[in-house]
Each structure stands twice: as C-alpha cells, then as structure tokens.
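Structural overview
If you want the building blocks of each chain, they are given just below.
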Amino acid sequence: MPELPEVEVVRRGLDTWVAGRTIESVTVLHPRAVRRHLAGPADFAARLAGRTVLAAGRRGKYLWLPVAEGSEALLAHLGMSGQLLVGEADRPAEKHLRARMTFTDAGLDLRFVDQRTFGHLMVADLVPDAFGRVGTVPGPPAGHVPEPVLHIAPDPLEEAFDQEAFYQGLRRRRTGIKRALLDQSLISGVGNIYADEALWRARLHWARPTETLTRTEVMGLLLAVREVMGAALAVGGTSFDALYVNVNGESGYFDRSLDAYGRRDEPCSRCGTPIRREVFMNRSSYSCPRCQPRPRRARV
C-alpha cells in the first residue's frame, strides 16, 4: 500500500500535470471506483465536467484536487493498488483502468487504474480544517479539507502537526508505539514500512508501551519519522512491485535504502545483528534485537 511519501510524490505530479486545466469529460469504467460517491457514477462525472482543477492537496494518504466554481474537490484514496496516471490521451487502455478524465486542452489525460479495486474516487465538499491552522494543507482554499478527511490527523510533514498534542496523545493511548503510529486519528500517513524504519532509527521496539516513553524519546521518534519520509521523498518513494508508481508510471527507489523492513536475517547496518521478523496485527514487524530490545512489558 502506498504510504505518505508515495502519495506526496503523486500529489506533486498532479500539481505539475493537472492543476490549472479544465476537465472536458469523465468516464467511469467500473462502478466500484466511485462506490463512495453515493449519488452514483453519472453524478460523479457531471459534477466534474467543465470545471477547472486547482492545486492538489494531501493529508496522510488522501489526495484531492479542488475544482473552481464551488467548494468541492475530487478526492482520491489509492488503497492497496490504485494509481493516478497521466499520459497521451490516445494510448491503449490499461488492463485495470477504472476511470478516465480528459481536458479541454486536448493534452495528457488522467486515469485511475486499480487492480485490486480497494481504492476509490469521490466528489466531496471542502470544509474548514478541524485542526485549525490556516494554509497548512497544500492546495486551495486555504485551511480547508474534504469533509471525509476531517477525522484524519495532520501528518508529520504538515505545519499543522502539533508535537505536544502528539506526545500527550501517546501517553494516553496505553498501547504499543507501532500501533499508535498507525492510528490515523493521532498521526496520519505512517504505514507499516516507515513505522519500522523510524523505530529502527529511534532505537525503539515496536511493542514499547506508549505510556513509558519520555518526551525526549517521542521527539527523537518524530525526527526519525520525518527523516525517513524525507529520504523516501527524495528518491520517489518505495516500490516493491509494479503497483506503486508516480503519475508518469515510474517506480520509487527507497526500498534500496531500507534498514529494517523486509530485511529478515540480514545484518543490522548499525551493529551487525541479524534483523528479526515478528508477527504484528496479521502483518510483520522488523527490528534489530540488539539496537531495539524487546521491553519486559510489551503491548502488542
């Protein structure tokens, strides 16, 4: 599943290739792609045709394209395998093409491709950001987000992210630190891969109880989260297969720089101890037994 750096790479691509253009037509090829647009595919297409796309926004793993002449946006969540691709309008249809958007300038089109159909598109109202700071979410109007995103906390790359509120929220959670990092109401955009990478950098085991973390440890963890996401952004994100690509169909290369995730039995790049894999929420967690010792009282 794409995580924050991958989604931000896509947002930047949309800003470059789509923002400022006027939509000519929208074709929905699979109704599941707009299943959360309750008025149906015809209404989805009609509400976008003829409207000009503004600068792309993002919070956590949600993307949106505000449209002029109203307070609405095209909201997208990529799910497990969703892709937003720009390209020549006359190119062949992709195997899992779910929706297509053309523009009045007859240039590159925008396509939503989704093999597993867990992603979705919808038109949503823009409302004032519940987290209060004006101008912190990329894309106009300033200080507004799509209504379905209101419950999503700011991500650590946003100005709206409140470090003190995050620290206090952790102390109240009474859970393991990794589970807290994946809680989108506390901090958004952190998924399994980057949680493992940040915890490795911060030398914290994923089952460390949140109420035992000191302020210094939490601030160090936030620094690690920002560092690993910044490094991933610099190389286009992480691609383990063809299901994550940017809007031009290119893969990211951060998987070549991973220190923990997916490196079971390989030597820790810091101390040489073999990386261990442990079961976590029906998934995997990777850590170094020496650098990240398991706490005596673990919360899983």
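Use the structure listed above.
Treat the numbers as computed from the prediction; the structure is a model and nothing was measured.

**Regarding the sheet that holds strand β3 (residues 62–67)**
Spatial ordering of the open sheet is given by β2-β3-β4-β8-β9, a layout of five strands whose pairing is antiparallel. For this open sheet the edge positions go to β2 (57–59) and β9 (144–146), each flanked by a neighbour on one side alone. This sheet shows a mean twist of 35° between the axes of neighbouring strands, independent of strand direction. Sitting on the sheet, helix α1 (residues 4–17) touches β2 and β3, and the angle it makes with β3 is about 20°. In this fold helix α2 (residues 41–48) packs onto β3, β4 (72–77) and β8 (120–128), with an angle of close to 55° to the strand it touches most, β8.

**Regarding α2**
Looking only at α2, the buried set comprises Phe 44, Ala 45 and Leu 48. Looking straight down α2, one finds its buried side chains confined to an arc of 90°; they lie on one side. α2 presents Ala 42 and Ala 46 as exposed residues on the side facing more than 90 degrees away from its buried surface. Among the structural elements, β1 (23–28), β3, β4, β6 (97–103) and β8 are those in contact with the buried residues of α2. Once α2 finishes, Gly 50 follows within two positions and takes phi at roughly 85°, a positive value.

**Some words on the packing of aromatic side chains**
All chains considered together, the criterion is met by three aromatic pairs. Summarising the aromatic geometry, the rings of Trp 206 and Phe 280 are spaced 5.1 Å apart at their centres and angled 65° between planes, so their arrangement reads as edge-to-face. Of this pair, Trp 206 sits in the loop between α5 (192–202) and α6 (215–234) while Phe 280 sits in strand β10 (residues 276–280), and the two are 74 residues apart along the sequence. With respect to class, Trp 206 is no different from Phe 280; both count as buried. Cation over ring: Arg 21 sits above Phe 103, and NZ or CZ is 4.1 Å from the ring centre. For Arg 270, the ring lying beneath its charged end belongs to Trp 200, and the centroid distance is 3.8 Å.

**Some thoughts on the sheet that holds β6**
Here we have four strands laid out as an open sheet, ordered β1-β6-β7-β5, and antiparallel in their pairing. The sheet is open, and its two borders are formed by β1 and β5 (82–87), each paired with just one other strand. Taking each pair of neighbouring strands and ignoring which way they run, the sheet shows an average axis angle of 15°. Alignment of β5 against strand β7 (residues 109–114), held across six bridges, turns out to be antiparallel. Within β7, the position partnered with Leu 84 by the bridge is Phe 112. Along the sheet, α2 contacts β1 and β6; its crossing angle with β1, the most-contacted strand, is approximately 170°.

Scoring rules and cut-offs
- Residues numbered from 1 in each chain as written.
- Predicted model: local features only at pLDDT ≥ 70, side-chain atom pairs only at ≥ 80, totals over all residues.
- Heavy atoms only, no water.
- Pairing = 2+ DSSP bridges.
- Helix = DSSP H or I, 4+ residues; strand = E, 2+ residues; numbered from the N terminus.
- Axes fitted to C-alpha atoms, helices over the stretch in contact; angles between N-to-C directions.
- Contact = heavy atoms within 4.5 Å.
- Buried < 20%, exposed > 50% of the residue type's maximum accessible area, 1.4 Å probe, protein only.
- Arc of directions from axis to C-beta.
- Phe/Tyr/Trp six-rings, centres within 6.5 Å; stacked < 30°, edge-to-face > 60°.
- Lys NZ or Arg CZ within 6 Å of the ring centre and 35° of its normal.

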